[in-house]
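Fold and geometry: a report
Take a look at the letters that make up each chain.
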Amino acid sequence: MNIKEISTEQRNSSTLTIDQASSFEIVQLMNKEDYAVPQAIGKILPQLATAIDKITERMSLGGRLIYVGAGTSGRLGVLDASECPPTFSADPEHVQALIAGGPAAITSAFEGAEDDVEQGRLDINAKNVNQQDVIVGIAASGRTPYTIGAMKEAKNHGALVLAVVCSLGSDMAEEADLTLVADVGPEVLTGSTRLKAGTAQKLILNMLSTGTMIKQGKVYSNLMVDLQPTNQKLQIRSKHIIMEATGVSEKKAEQVLHEYGAVKPAILALLTSLKGEQVHASLAKHNGHIGKAIQAESN
């Protein structure tokens, strides 16, 4: 693809004199440009909903969600994947991320790694990708060789392949089964896609993972009932989630949380007549959907 055809590589006419601006004028300009991000995402909500349904379907069959990217895009994939276990008690194997250059590229720049098509292919093979998995290629320009290599190889193994890009008519769109295009336009600084494009990608990944986890029953009302109380902050949050969901006192919430060791069974025990192993059996019967378990016990 010709770089002149990539919207995120174009000069932004609104920021041509940003180098002469005051600090306040700089943040005003950046804030104004940032408004383009939610507007761009608003245009692809139907495609995002379809993507969530497709990911949920594959994961219910034992598949994995695997993000692939380079640079900022790769780091955003790593960030989203790494936050799923503590937030939703998701198995770390279920949501993963590949970044060009490997783990060292998370904190250091390995710019040449993004050009390695073959490494993208090898990284997919190392994950033993199969037809139940969903691969999400992430790139602002939609033309990153490493990511394209990974996407092509994933398709060879029957995986569902998605693309998250910020430019129309990209090479990645041609490889993907479903493309999510957040066309945010030229960046405040020409080609600095860690700005609007990066923000758009972060919001899209938020929706993909959060929507999928909600569909899998890891949320009750708008409460994170599957979080892991692994530190003091999360233990306090766990107690308050139980209190919000059931109306019990803090002392009672702490007692039941200690008894069951997790938020979801504690809530189910408090809202139904189930006790002990009955609680865990009901959750297992309803595939962890606490709402469905409560409804079944109420009928």
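Now for a look at the structure at hand. What you see is a predicted model; the values in this text were computed from it and never measured.

Parameters at a glance
Residues numbered from 1 in each chain as written. Predicted model: local features only at pLDDT ≥ 70, side-chain atom pairs only at ≥ 80, totals over all residues. Heavy atoms only, no water. 1 Å grid on protein atoms, 1.4 Å probe; cavity = no way out; pocket = protein on both sides within 12 Å on 5 of 7 lines; lining within 4 Å. Points joined across faces, edges and corners; volume = space filled by probe spheres on them. Nonpolar A, V, L, I, M, F, W, Y, C, P; charged D, E, K, R; others polar. Helix = DSSP H or I, 4+ residues; strand = E, 2+ residues; numbered from the N terminus. Buried < 20%, exposed > 50% of the residue type's maximum accessible area, 1.4 Å probe, protein only. Pairing = 2+ DSSP bridges. Lys, Arg positive; Asp, Glu negative; His and termini not counted. Salt bridge = Lys/Arg side-chain N within 4 Å of Asp/Glu carboxyl O. Polar contact = N/O pair within 3.5 Å; in protein donor to acceptor, adjacent residues only side chain to side chain. Contact = heavy atoms within 4.5 Å.

Using the criterion set out here, one finds one cavity of 30 Å³ or more in the structure. Taken as a whole, the largest cavity holds about 50 Å³ of empty space. Residue lining of the largest cavity: Ala 70, Gly 71, Arg 75, Ala 100, Ala 105, Ala 109, Phe 110, Glu 111 and Glu 114, and that is the complete set. Looking at side-chain class alone, the lining of the largest cavity contains five nonpolar, one polar and three charged residues.

Put simply, the largest pocket is a space of about 420 Å³. Taken together, 23 residues make up the lining of the largest pocket; nearest its centre are Ala 70, Ser 73, Glu 114, Thr 144 and Thr 193. Contributing elements (two or more residues each) for the lining of the largest pocket: α4 (71-88), β3 (134-139) and α6 (145-156). It is α4 that provides the largest number of residues to the lining of the largest pocket, a total of four residues. Here the residues of the lining of the largest pocket are counted per class, giving six nonpolar, ten polar and seven charged.

Okay, the pairing of strand β5 (residues 178-181) next. Going residue by residue along β5, you find Leu 178 and Leu 180 tucked away on one face and Thr 179 and Val 181 tucked away on the opposite face as well. Pairing of strand β4 (residues 160-165) with β5, which is carried by four bridges, proceeds in the parallel orientation. If you follow Val 165 over to β5, its bridge partner there is Val 181.

Another point: the side chain of Glu 187. Here Glu 187 lies in the loop between β5 and α8 (196-215). Despite its burial, Glu 187 pairs with no opposite charge; the closest candidate is Lys 196, at 5.3 Å N-O. From its side chain, Glu 187 meets the backbone nitrogen of Ala 197 in a polar contact 2.8 Å long. Beyond its immediate sequence surroundings of up to four residues, Glu 187 is in contact with Thr 8, Gln 10, Asn 12, Thr 15, Ser 192, Thr 193, Leu 195, Lys 196 and Ala 197.

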